[in-house]
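One-letter residues, chain by chain:
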Amino acid sequence: MNILEKSQSIRNHEKTASDNLEGFIKQINKVNPKINAFVELKTDEAIERANEIDGRINKGEKVGKLAGLVVGIKSNINVEDFHVTAASRTLENYIGSYDATVIRRIKAEDGIIVGMTNMDEFAAGSSTETSFHGPTDNPRAPGRIPGGSSGGSAAAVASKICDLALGSDTGGSIRNPASHCGVMGFKPSYGAVSRQGLLDLAMSFDQIGSFSMDAGGIALMLNVIAGEDRRECTTIDWEVPDFTASIADSRNALKGMRLGVVKEFFDVSDEPIVNIIEERIHQMQEAGAEVVELNFDYLKLCLPTYYLINYVEFFSATRKYDGRKYGERIEEVCGEEVLRRIHMGSYISQQEYSGKYYKKALQARSLIRKEITGLLKDVDVLVGPTVPKLPHKVGTQLEPMEMYAYDILTVIANLAGIPAASTPAGDVKGIPVGMQFQAKPLDDEKIVKLMAAHEGLN
Ligand code: GLN
């Protein structure tokens, strides 16, 4: 049963919210100790909530769009009464005192929040190995990283211990773990979904988005969380489409759709991954899509530009963790990668009077944005690999640059503010491989349609 069918069957009294939740709790007890996807659970409160929703359904009262569906939340999004640690000792004892806007919307639509998921410390990573809660295992490729930084959310959905999960994506943290765990992950256009209540990694890149096993789940969650938020000035007042309605007629979506294939995205990717994506593109062509070959000359500029801006914004965001209000002083308790970013960000900020690094990075960012939106003028969607290589074995020692290399194909969308998603494309000896779709700003609907259409080809 897919997510939309399940949601219907809960409304139609065919399945209860309580049964759905209890099934997951059994699975969580069995699976979570092995994979460490959830770092905090509140099952008793969730059961109460499920019973209350069932009560309303039985009385024939109206229930919300997510009625009875079980949701996991990344540990950097404020949820009242849950620990919001960002997987850092810095915030070990910090308990959310309010609900982020996306959480208020999920609760208002009767989604059941069962727990908080694991992640890289402050979302600064691509492997979920830097969490102070310990690493998360990849349920589809045991012994390997699930990707990151939202590795717990991706692993929870992949191992079917919840229906849907939220993550955050600054440079790929939703799409990368979705790719490695064989699930769908969606990063909305910058400003399409409120970031209010999200702990910043780099605020000019950060977006909240979702994970699901299927396109219906992605569409449903977008219907709930997307839209302007008066409390958050970077959100856009945009006409939010009805995403679930738009996938209902996605069967012919591929006919005449123009898919942009950027040669350089394939040049940097490992061969088995390239082969899988090429096969998928061919399949979409047979279903009526048109392929347009494109070039992007600035790929090498993307990682340095992204990381430089990330360091500076992250440094600034961490100044509030000085030990006075939120527990520990960050520099005293954080891990190596977070400390590296703080030191680099501090150094770059000090040099800024000369405009040596940051100003140049902003110029490079404008150039990248211009080039990418230029490529998108002639096509509907860019299609390519999500991550250029397969996930490594948990515990492998990588140099920072080797870790950053995972992000080369995902940071582009954050630099440009465009919507992007990863969808399962195949596997290499059982290890999942994801395919990335990117579209024009606020063309989120096109990606969701394509995800549904592509899903329908299988
Ligand atoms: N891996 C990237 C980084 O470390 C992206 C992280 C993210 O999207 N949160 O910055």
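Within each chain, residue numbers correspond to sequence positions counted from 1 in written order. With the structure being a predicted model, the display of local features is reserved for residues of pLDDT at least 70 and the display and counting of side-chain atom pairs for 80 or more, all residues being used for whole-chain, interface and lining totals. Remark: hydrogens and water are excluded; side-chain values derive from all non-hydrogen atoms of the structure.

Near the ligand lie 16 residues; those nearest to it are Thr170, Gly171, Ser173, Tyr306 and Arg341. Polar contacts here mean pairs of N or O atoms no more than 3.5 Å apart (in protein, one a potential hydrogen donor and the other a potential acceptor; neighbouring residues in sequence count only if both atoms are side-chain atoms). Measuring from a nitrogen atom of the ligand, one finds a backbone N or O atom of Ala123 at 2.9 Å. Contacts to the ligand include Gly171, whose backbone N or O atom sits 2.7 Å from an oxygen atom. Coverage of the ligand by the protein amounts to 99% of the 290 Å² it exposes when considered alone. Element by element, the count of residues in the shell around the ligand is highest for helix H11 (residues 299-318), at three residues. Considered class by class, the residues forming the shell around the ligand number five nonpolar, eight polar and three charged. Being near a molecule or strand, for a residue, comes down to having at least one heavy atom within 4 Å of it. Here the Shrake-Rupley method, with its probe set to 1.4 Å, supplies the accessible areas, and only the displayed protein chains count as covering residues. Elements are defined by DSSP. Helices are runs of H or I of four residues or more, strands are runs of E of two residues or more, and each kind is numbered from the N terminus. When residues are grouped by polarity, Ala, Val, Leu, Ile, Met, Phe, Trp, Tyr, Cys and Pro land in nonpolar, Asp, Glu, Lys and Arg in charged, and all others, Gly among them, in polar.

Turning next to the packing of helix H7 (residues 215-225) against helix H17 (residues 444-456). When two helices pack together, you describe them by how their axes are tilted relative to each other and by the distance separating the axes. For the pair H7 and H17, the least separation of the axes is 9 Å and the interaxial angle reads 160°. Put simply, H7 runs roughly antiparallel to H17. Where H7 crosses over H17, the two elements pack in a sense that is left-handed. Contacts between H7 and H17 involve Ala215, Ile218, Ala219 and Leu222 from the first element and Val448, Met451, Ala452 and Glu455 from the second. Taken together, the residues of the contact of H7 with H17 break down into seven nonpolar, no polar and one charged. Every axis corresponds to a line fitted to the C-alpha atoms, with the helix fit spanning only the stretch in contact, and the corresponding angles, defined between N-to-C directions, vary from 0 to 180 degrees. Roughly parallel covers angles under 35 degrees, roughly antiparallel covers those over 145, roughly perpendicular covers 65 to 115, and oblique covers all other angles. Whether a crossing is left-handed or right-handed is set by the direction in which the near helix is turned from the far one by less than a right angle, anticlockwise for left-handed and clockwise for right-handed. By the convention used here, residues are in contact when the closest approach between their heavy atoms is within 4.5 Å.

Two elements in contact, helix H2 (residues 17-35) and helix H3 (residues 43-58), have axes whose closest approach is 8 Å; the angle formed by their N-to-C orientations is 160°. Compared by their axis directions, H2 and H3 come out roughly antiparallel. Between H2 and H3 the crossing geometry is right-handed. Taking contact as the criterion, the partners of Ala17, Ser18, Leu21, Glu22 and Ile25 in H2 are, on H3, Thr43, Ala46, Ile47, Ala50, Asn51, Ile53 and Asp54. A class-by-class count of the residues in the contact of H2 with H3 yields seven nonpolar, three polar and two charged.

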